[in-house]
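Here is what each chain is made of, one letter per residue.
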Amino acid sequence: MKEKQKLKNIVKPIVKWYQENKRELPWRRDRDPYHIWISEIMLQQTRIEAVKSYYTRFMEELPTIQHLANIQEEKLLKLWEGLGYYSRARNLQKAAKIIVEQYNGKMPTSYVELLKLPGIGEYTAGAIASIAFGEKVPAIDGNVLRVISRILASKNDILLADTKKKIEKKIKPIIPKEAGDFNEGLMEIGELICIPNGEPLCKKCPVKEVCEARKTNQIAEIPVRNKIVKRKKEERVVFILECDHRIAILKRPSKGLLAGMYEFPNILINKKEKLELEKILKGWNLKGKKVEEIGESKHIFSHIEWHMNGIKVEVEKENQDFEWIPLEKIEKEYAIPTAFKKYKNYILQ
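Conventions used here
Residues numbered from 1 in each chain as written. Predicted model: local features only at pLDDT ≥ 70, side-chain atom pairs only at ≥ 80, totals over all residues. Heavy atoms only, no water. UniProt positions renumbered as here; feature names shortened; annotations may be inferred. Helix = DSSP H or I, 4+ residues; strand = E, 2+ residues; numbered from the N terminus. Buried < 20%, exposed > 50% of the residue type's maximum accessible area, 1.4 Å probe, protein only. Contact = heavy atoms within 4.5 Å. Areas by Shrake-Rupley, 256 points an atom, 1.4 Å probe, with all protein chains shown as cover. Phe/Tyr/Trp six-rings, centres within 6.5 Å; stacked < 30°, edge-to-face > 60°. Pairing = 2+ DSSP bridges. Core = buried A, V, L, I, M, F, W, Y, C linked by side-chain atoms within 4.5 Å.

Going by what an unreviewed UniProt entry lists, the protein chain is known as Adenine DNA glycosylase and is assigned to Candidatus Merdicola faecigallinarum. Listed in UniProt under the heading Function (unreviewed entry), the comment for the protein chain reads: "Adenine glycosylase active on G-A mispairs. MutY also corrects error-prone DNA synthesis past GO lesions which are due to the oxidatively damaged form of guanine: 7,8-dihydro-8-oxoguanine (8-oxo-dGTP)." Among the UniProt annotations of the protein chain, the heading Sequence similarities (unreviewed entry) holds the following wording: "Belongs to the Nth/MutY family."

Undergrad: Can you explain the overall build of the protein chain? Please cite residues and give values.
TA: Counting its secondary structure elements, the protein chain contains 15 helices and seven strands. Among the 349 residues that make up the protein chain, the fraction classed as buried is 51%. Long-range pairs, those at least 24 residues apart, make up 69% of the contacts in the protein chain with a sequence separation of at least 6. Looking at the protein chain as shown, the accessible area adds up to about 18900 Å², and 48% of this sits on carbon and sulfur atoms.

Undergrad: Any chance you could break down the packing of aromatic side chains for me, citing the residues and the numbers?
TA: To describe a pair of aromatic rings, one takes the distance between the centres and the angle between the planes. Enumeration according to the criterion identifies nine aromatic pairs in this entry. Measuring from ring centre to ring centre gives 5.1 Å for Phe-239 and Trp-284, while their planes differ by 90°; the resulting arrangement is edge-to-face. Taken together, the residues Phe-239 in strand β1 (residues 232-243) and Trp-284 in the loop between α13 (277-283) and β5 (288-300) connect sequence positions 45 residues apart. Judged by its relative accessible area of 0%, Phe-239 is buried. Trp-284 sits in the buried class, given a relative accessible area of 14%. Site record: aromatic cluster; members linked through ring pairs are Phe-264, Phe-301, Trp-306 and Phe-340.

Undergrad: Give a detailed account of the side chain of Glu-242, specifying residues and quantitative values.
TA: Along the chain, Glu-242 falls in strand β1. Among all residues touching Glu-242, those that are not within four sequence positions of it are Ile-247, Lys-312, Val-313, Glu-314, Val-315 and Trp-324.

Undergrad: For the pairing of β5, give the residues involved together with the corresponding values.
TA: Looking at chain direction, β5 and strand β6 (residues 304-315) are connected through eleven bridges and run antiparallel. Considered in β6, the bridge of Ile-300 is made with Glu-305. Where β5 folds back on β6, the antiparallel hairpin that results is connected by three residues.

Undergrad: Give me the UniProt feature "domain: HhH-GPD" (unreviewed entry) in the protein chain: which residues, what numbers.
TA: The positions that UniProt labels "domain: HhH-GPD" (unreviewed entry) are, in the present scheme, residues 42-192. A helix fraction of 65% and a strand fraction of 0% characterise residues 42-192, whose end C-alpha atoms lie 19 Å from each other.

Undergrad: Would you mind going over the nonpolar core in detail, with residue names and values included?
TA: Counting 95 residues, the largest nonpolar core has Trp-37 and Phe-58 as its most contacted members. Residues in contact with Phe-58, not counting those within four places in the same chain, are Tyr-34, Ile-38, Met-42, Leu-68, Leu-76, Leu-79, Trp-80 and Leu-92. Counting residues in hydrophobic clusters, the runner-up holds 16 residues, among them Cys-243, Ala-248, Val-315 and Trp-324.

Undergrad: Any details on unusual backbone geometry? Residues and values, ideally.
TA: For the bond running from Ile-222 to Pro-223, omega is 5°, close enough to zero to count as cis. Even without a glycine there, the phi angle at Asn-217 is positive, about 55°. Residue position: Asn-217 is located in the loop between α12 (212-215) and β1. Its relative accessible area of 68% is what places Asn-217 among the exposed residues. A positive phi angle is found at Asp-244, which is not glycine, with a value near 50°. Here Asp-244 shows up in the loop between β1 and β2 (246-251).

Undergrad: So what's going on with the environment of Pro-337? Which residues, and what values?
TA: Among the structural elements, Pro-337 can be located in the loop between α14 (327-333) and α15 (341-348). The exposure class assigned to Pro-337 is buried, which follows from its relative accessible area of 1%. For the pair Pro-337 and Glu-209, spaced 128 residues apart in sequence, the C-alpha to C-alpha distance is 46 Å. Beyond its immediate stretch of four places on either side in the chain, Pro-337 contacts Tyr-86, Leu-258, Met-261 and Tyr-262.

Undergrad: Any chance you could break down the pairing of β1 for me, citing the residues and the numbers?
TA: β1 sits mainly inside the fold: nine of its twelve residues count as buried. Two strands pair when backbone bridges link them, and β1 and β6 are joined in this way by eleven bridges, in the parallel orientation. Among the inter-strand pairings, Leu-241 is bridged to a residue of β6, identified as Val-313. Bridge count for β1 against strand β4 (residues 266-268) is three bridges, and the pairing is antiparallel. Residue pairing across strands places Val-237 opposite Ile-267, the latter belonging to β4. Pairing of β1 with β2, which is carried by two bridges, proceeds in the antiparallel orientation. What sits directly across from Glu-242, in β2, is Ile-247. In sequence, β1 turns back onto β2 through a hairpin of two residues, with Asp-244 there showing a positive phi of about 50°.

Shown next as structure tokens:
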């Protein structure tokens, strides 16, 4: 069977399967483009089950695009705390402001216009345009790449941009009038049936009869992922500096990793060299009274790994370099990146 016909044959079964089996999720209760947009951005780096509570809290605080456009950035980041990749939240607000100023507070209705907004790429634009507005455009994420690669028994590396473009080109002509249901159906099959890790549940798949990888016993080899990302490793010491029940924090630079976020003071170290604590504190114009080891922690970013060791130091007096914040205020008002979760939990226990 030719590729084109094979793909045409998956359309009706996928739409029917999705309409009968789709999960009840908060953002699926309507086809409001704002709801779809927020959920898609949240879901980019986070599991569905984890996103549910964040999404509900977000919508309670910011029920409209106008609310999102007008919220103070610090409050927005606090609302986003725990989801990570805070540039996503900042881009949401940038886009919301553009929507308010240029589109009278209503989401653009076309794929092309959606793509112009900060933080909205091809996948997100496709998801919003097809689900909310019924536009016949693909929404290609990792799940869709995996499902289509297995159906076609394609050995193209799905981590390459060219592979995504090729699959997009193949999918676009077959998208039905139920564009949103088709796109969500493909994604849902990838999440629940044609899973990335472990044995796929082929018996439950609505398109198993046309799946070439299943027929040729190549499911374990497909999809192909050849690209290996080497992460740089950094050794860091994180300092919990306390003075009269106030904790030192500081704001990171406005550009780069964790841009503009608050963090606990920390330094890059060479593990082979002895940590000269007194010298470090002196450099911050501080004098320690009591020192306590907190322990190790690791956080993996897309391109870098932080291997951290935490130290709590009670100091005699505050300095001018840091902001000294009462414990309860840190919890309620400041968004501390997930990288420092262990050390934040330590001071709040």
